[in-house]
Amino acid sequence: RVKEAGVGQEPLSEPSAAEQRAWIDRYMKAFEHADVEGLKRLLTEDVLMEMPPMLNWFAGRSNYGLFMEWVFGACGTDWRLKTVAANGQPGFAAYLRADGRYEPHTLQIFTVTAEGISRNSVFQGSEVFAAFGLAAAIAAG
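Rules behind the numbers
Residues numbered from 1 in each chain as written. Predicted model: local features only at pLDDT ≥ 70, side-chain atom pairs only at ≥ 80, totals over all residues. Heavy atoms only, no water. Helix = DSSP H or I, 4+ residues; strand = E, 2+ residues; numbered from the N terminus. Buried < 20%, exposed > 50% of the residue type's maximum accessible area, 1.4 Å probe, protein only. Contact = heavy atoms within 4.5 Å. Areas by Shrake-Rupley, 256 points an atom, 1.4 Å probe, with all protein chains shown as cover. Lys, Arg positive; Asp, Glu negative; His and termini not counted. Charge placed at Lys NZ, Arg CZ, Asp CG, Glu CD. Core = buried A, V, L, I, M, F, W, Y, C linked by side-chain atoms within 4.5 Å. pLDDT = per-residue confidence, 0-100. Pairing = 2+ DSSP bridges.

1. Observations concerning the overall build of the protein
Working step 1: The number of helices and strands found in the protein is four helices and seven strands.
Working step 2: Taken along the three principal axes of its C-alpha coordinates, the protein extends 65 × 30 × 30 Å.
Working step 3: Split into buried and exposed, the 141 residues of the protein put 39% on the buried side.
Working step 4: Sequence separation of 24 or more characterises 50% of the internal contacts of the protein that already satisfy a separation of 6 or more.
Working step 5: Summed over all atoms, the accessible surface of the protein reaches about 8,400 Å², with 53% contributed by carbon and sulfur.
Working step 6: Placing the 13 positive and 17 negative side-chain charges of the protein at their respective mean positions leaves the two points 3 Å apart.

2. Digging into the nonpolar core
Working step 1: Counting residues in hydrophobic clusters, the biggest one holds 28 residues, and the most contacted among them are Tyr 27, Phe 31, Met 68 and Phe 92.
Working step 2: Elements supplying a minimum of two residues to this core: α1 (17-32), α2 (36-41), β1 (43-50), α3 (61-75), β3 (79-86), β4 (89-98), β5 (101-113) and β6 (116-123).
Working step 3: Take this core: its biggest share by element is six residues, from α1.
Working step 4: Ignoring any residue separated from it by four or fewer positions in sequence, one finds Tyr 27 in contact with Leu 39, Leu 42, Leu 43, Tyr 64, Met 68, Phe 92, Gln 108, Phe 110, Ile 117 and Asn 120.

3. Topic: the confidence of the model for the protein
Working step 1: When pLDDT is averaged along the protein, the result is 92, and 91% of the positions lie at 70 or above.
Working step 2: The lowest-confidence element of the protein is strand β2 (residues 57-59), averaging 93 in pLDDT; the highest-confidence one is α2, averaging 98.

4. Overview of unusual backbone geometry
Working step 1: Geometrically, the link from Pro 52 to Pro 53 is a cis peptide bond, its omega value of 5 degrees lying close to zero.
Working step 2: Position of Pro 53 relative to the elements: it lies in the loop between β1 and β2.
Working step 3: Although it is not a glycine, Asn 87 adopts a positive phi angle of roughly 50 degrees.
Working step 4: Within the element layout of this structure, Asn 87 appears in the loop between β3 and β4.

5. Considering the pairing of β5
Working step 1: Here β4 pairs with β5 via eight bridges, running antiparallel. Considered in β5, the bridge of Ala 98 is made with Arg 101.
Working step 2: Counting the residues between successive antiparallel strands, the hairpin from β4 to β5 contains two residues, one of them, Asp 99, with a positive phi of roughly 55 degrees.
Working step 3: As paired strands, β5 and strand β7 (residues 138-139) are joined by two bridges and run antiparallel to one another.

In structure tokens, the structure reads:
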């Protein structure tokens, strides 16, 4: 019936690992500059941000942007980011400046499509950083 309806099969096309990393590198640059509009330009319209085990999540570019405005307003804009990967997906660890050094804040893992970033899974906790072999803190300076 699908064939009768004239619907063709389109091959699935995922960005290469290098292309995915390039999307996240641009995201990291915008994040470091607290550039919410720049972040939003990298997202798909139906992007989803989840933060397990918390129950809150944000769907859509606009809601994602509102949350990121809140993050930068509440936490500030002095960050250090380290690239990571999990299960073949690109990501980064975000450290926030506190008390003269950078403390672990979040580990973010992304799903990237040809259209942009479609999902951001955000994790917190020192055990998450330890599981990735990340530093417990980074010296400022």
